[in-house]
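Residues per chain, in single letters:
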Amino acid sequence: MIDSYQQGLSIRQIAAQTRFPRVRVTDTLRRAGVSIAPRGRGRPRPTTRTTPPADIQAVLEQLYLTRRLTRAHIAAELGVPEHRVRTWLRDCGIQPRTRGRSNREDRDRPELRP
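To start, this report covers the structure provided alongside it. Here the structure is a predicted model, which is why all the values come from computation and not from measurement.

### Concerning the overall build of the protein chain
Then step 1. Scanning the protein chain from terminus to terminus reveals 6 helices and 0 strands.
Then step 2. Here the protein chain holds 114 residues, and the buried ones make up 22% of them.
Then step 3. Considering only intrachain contacts with a sequence separation of at least 6, the fraction spanning at least 24 residues in the protein chain is 47%.

Written as structure tokens, this is what we have:
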């Protein structure tokens, strides 16, 4: 077990070969004095932020403010996930609309008299 880990096998792979639980493999390695690498060290990590296209603010203003499309429709039209559209709207300073058919920003507000 120790030799397998030092040769580069992961704890999961050793557990699958020996049919021991991962916890038992980890405990055995630690008791033997082997330093355990942090979890997930070999996986490639996805990039967290992508740079938005240069003209995205004009596109979002056209689709979201003028045509009044939903974020889901904009995402489908641009071919990106909906959460990315939400992030772009926030980064461009475009205020989100309220939910429902009767949007608060469309309602007439009576003037208050002193």
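### Some thoughts on the packing of aromatic side chains
Then step 1. Applying the stated rule across the entire model yields 0 aromatic pairs.
Then step 2. Positioned over the ring face of tyrosine 64 is arginine 97, at 4.1 Å from the centre of the ring.

### Section: the packing of helix α2 (residues 11–18) against helix α3 (residues 22–31)
Then step 1. In the contact formed by α2 and α3, the axes pass within 9 Å of each other and the chain directions differ by 110 degrees. Judged by the inter-axis angle, α2 sits roughly perpendicular to α3. With respect to the hand of their crossing, α2 and α3 are arranged in right-handed fashion. Contacts between α2 and α3 involve Ile11, Arg12, Ile14, Ala15 and Thr18 from the former and Arg22, Val25, Thr26 and Leu29 from the latter.
Then step 2. Partitioned by chemical class, the residues of the contact of α2 with α3 number 5 nonpolar, 2 polar and 2 charged.

### Remarks on the nonpolar core
Then step 1. One finds Leu60, Ile74, Val85, Leu89 and Ile94 to be the most contacted residues of the largest nonpolar core, which totals 13 residues.
Then step 2. Of all the elements in the fold, those that place two or more residues in this core are α4 (56–66), α5 (71–78) and α6 (82–92).
Then step 3. Once residues lying within four places of it in the same chain are set aside, the contact partners of leucine 60 are Leu65, Ile74, Val85, Trp88, Leu89, Cys92 and Ile94.

### Looking at unusual backbone geometry
Then step 1. Positive phi outside glycine occurs at arginine 19, with the angle close to 60 degrees.
Then step 2. Within the fold, arginine 19 resides in the loop between α2 and α3.
Then step 3. If you check the backbone angles, arginine 68 has positive phi at about 60 degrees while not being a glycine.
Then step 4. Turning to its location among the elements, arginine 68 is positioned in the loop between α4 and α5.

### Topic: the packing of α4 against α5
Then step 1. Running from amino to carboxyl end, α4 crosses α5 at an angle of 130 degrees, the nearest separation of the two axes being 10 Å. Regarding the angle of α4 to α5, the classification is oblique. In this structure, α4 crosses over α5, and the sense of that crossing is right-handed. Two secondary-structure elements touch here, α4 through Ile56, Val59, Leu60, Leu63 and Tyr64 and α5 through Arg71, Ile74, Glu77 and Leu78.

### Considering the environment of alanine 15
Then step 1. When you line up the elements, alanine 15 lands in helix α2.
Then step 2. Judged by its relative accessible area of 9%, alanine 15 falls in the buried class.
Then step 3. Separated by 10 residues in sequence, alanine 15 and valine 25 have C-alpha atoms that sit 6.4 Å apart.

Calculation criteria
- Residues numbered from 1 in each chain as written.
- Predicted model: local features only at pLDDT ≥ 70, side-chain atom pairs only at ≥ 80, totals over all residues.
- Heavy atoms only, no water.
- Helix = DSSP H or I, 4+ residues; strand = E, 2+ residues; numbered from the N terminus.
- Buried < 20%, exposed > 50% of the residue type's maximum accessible area, 1.4 Å probe, protein only.
- Contact = heavy atoms within 4.5 Å.
- Phe/Tyr/Trp six-rings, centres within 6.5 Å; stacked < 30°, edge-to-face > 60°.
- Lys NZ or Arg CZ within 6 Å of the ring centre and 35° of its normal.
- Axes fitted to C-alpha atoms, helices over the stretch in contact; angles between N-to-C directions.
- Parallel < 35°, antiparallel > 145°, perpendicular 65-115°, else oblique.
- Left-handed = near helix turned anticlockwise from the far one by under 90°.
- Nonpolar A, V, L, I, M, F, W, Y, C, P; charged D, E, K, R; others polar.
- Core = buried A, V, L, I, M, F, W, Y, C linked by side-chain atoms within 4.5 Å.

Bear in mind that shape data such as this cannot, by itself, settle questions of function.
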